[in-house]
Amino acid sequence: GAVVSQHPSWVICKSGTSVKIECRSLDFQATTMFWYRQFPKQSLMLMATSNEGSKATYEQGVEKDKFLINHASLTLSTLTVTSAHPEDSSFYICSARDILEGNSNQPQHFGDGTRLSIL
Amino acid sequence: GQQVMQIPQYQHVQEGEDFTTYCNSSTTLSNIQWYKQRPGGHPVFLIQLVKSGEVKKQKRLTFQFGEAKKNSSLHITATQTTDVGTYFCAGGSGYSTLTFGKGTMLLVSP
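Notes on the structure in this doc start here. None of these values were measured; they are calculated from a predicted model.

Now for the pairing of strand 5 (residues 43-49) of chain B. Residue and element names in this part refer to chain B. Strand 5 sits mainly inside the fold: 5 of its 7 residues count as buried. Alignment of strand 4 (residues 31-37) against strand 5, held across 6 bridges, turns out to be antiparallel. Residue Trp 34 lies in a different strand from strand 5, and its bridge partner there is Ile 47. Hairpin connection from strand 4 to strand 5: 5 residues lie between these consecutive antiparallel strands, with Gly 40 at a positive phi of about 80 degrees.

Let's shift gears to the packing of aromatic side chains. Under the definition given, this model contains 10 aromatic pairs over all chains. Ring centres of Tyr 36 of chain A and Phe 100 of chain B lie 5.4 Å apart, and the angle between their planes is 85 degrees; on these two criteria the pair is classed as edge-to-face. Pair noted here: Tyr 36 of chain A is in strand 4 (residues 32-38) and Phe 100 of chain B is in strand 10 (residues 98-100), and the two residues belong to different chains. For the pair Tyr 36 of chain A and Phe 100 of chain B, a shared accessibility class is recorded, and that class is buried. Measuring from ring centre to ring centre gives 6.3 Å for Phe 67 of chain A and Tyr 92 of chain A, while their planes differ by 45 degrees; the resulting arrangement is tilted. Separated by 25 residues along the polypeptide, Phe 67 of chain A in strand 7 (residues 67-73) and Tyr 92 of chain A in strand 9 (residues 90-97) bring together distant segments of the chain. Site record: aromatic cluster; members linked through ring pairs are Tyr 36 and Phe 110 of chain A together with Tyr 35, Phe 45, Phe 88 and Phe 100 of chain B. Lying over the aromatic face of Phe 91 of chain A, Arg 115 of chain A brings its terminal NZ or CZ to 4.1 Å of the ring centre.

With that settled, the discussion passes to the sheet that holds strand 3 (residues 19-25) of chain A. Residues and elements named next belong to chain A. Ordered in space as 1-3-8-7, the 4 strands form an open sheet in which the pairing is antiparallel. Of all strands in the sheet, those with a lone pairing partner are strand 1 (4-7) and strand 7, marking the two edges. Strand-to-strand, the axes of this sheet are offset by a mean angle of 15 degrees, without reference to chain direction. Strand direction decides the pairing type here: strand 7 and strand 8 (residues 76-81), joined by 5 bridges, are antiparallel. Bridging across to strand 8, Ile 69 finds its partner in Leu 79.

Facing the 23 residues of chain B at the interface are 22 residues of chain A. Taking both sides of the interface into account, the surface hidden between chain B and chain A amounts to around 1600 Å²; carbon and sulfur atoms contribute 54%. Counting every contact that joins chain B to chain A gives 0 salt bridges. Elements with a contribution of two residues or more to the side of chain B that touches chain A: strand 4, strand 5, strand 9 (85-92) and strand 10 of chain B. Tallying contributions element by element places strand 4 of chain B first for the side of chain B that touches chain A, with 4 residues.

Okay, the sheet that holds strand 7 (residues 61-65) of chain B next. All names here are of chain B. Read from one edge to the other, the open sheet built from 5 strands follows the order 1-3-8-7-6, with strand pairing classed as antiparallel. Two strands close off the open sheet at either side, each with one partner strand: strand 1 (4-7) and strand 6 (55-58). When strand polarity is set aside, the average angle formed by the axes of neighbouring strands in this sheet is 15 degrees. Pairing analysis gives 5 bridges linking strand 7 to strand 8 (residues 71-76), with the strands arranged antiparallel. Of the residues in strand 8, the one forming a bridge with Leu 61 is Ile 76.

Cut-offs applied
- Residues numbered from 1 in each chain as written.
- Chains lettered and ligands numbered in written order.
- Predicted model: local features only at pLDDT ≥ 70, side-chain atom pairs only at ≥ 80, totals over all residues.
- Heavy atoms only, no water.
- Buried < 20%, exposed > 50% of the residue type's maximum accessible area, 1.4 Å probe, protein only.
- Helix = DSSP H or I, 4+ residues; strand = E, 2+ residues; numbered from the N terminus.
- Pairing = 2+ DSSP bridges.
- Phe/Tyr/Trp six-rings, centres within 6.5 Å; stacked < 30°, edge-to-face > 60°.
- Lys NZ or Arg CZ within 6 Å of the ring centre and 35° of its normal.
- Axes fitted to C-alpha atoms, helices over the stretch in contact; angles between N-to-C directions.
- Contact = heavy atoms within 4.5 Å.
- Buried area = accessible area lost by both parts, 1.4 Å probe.
- Salt bridge = Lys/Arg side-chain N within 4 Å of Asp/Glu carboxyl O.

From the geometry alone we can't say anything about function, so treat these as descriptive.
Here you go:
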């Protein structure tokens, strides 16, 4: 159980393109999903917390207009990297917490991640 | 803000040797979680510790949570090549988010 599907797994596109990444909880509902960014051999850096039915909470230094987050249902959150540039190339990973599990005292279930390469 | 420090950053051992990674938080934690990320993969939840002084075991893996709930360790006995990956600790403070340590990359040579 607790499967999170992330799509696409790999994106290569030209500079200036907007890229949408989907994160779905397949067998549970999630009021909260998290978006992380990971550079090679680095840790997971939380970008934003996606809340179903309300605005996302962004971490300091993360541009809201650059990284658009939509959490329209209890099973789907999307991250759109707008007008992507080479410096946005990274590994983006989402995670979700089961609605029944409440707060941070429960594990996060991670998607497989999306490798984004901007040429 | 809360910071979680993890050492060492990297360790290379021979198969059969033991391995330990340590995690320290700048603030008292409500819980600590451990994740393993294989090369090219995504983090996979291993375990959660909640109680002060708690010790949990999963086969060759032993997890400890400090008495002050500010530090934790993961010890692997007799490593195997399948243990290769990066081990992350993540501290929870009672809010919804976790703060991840930088991770310890483990390489095991046969």
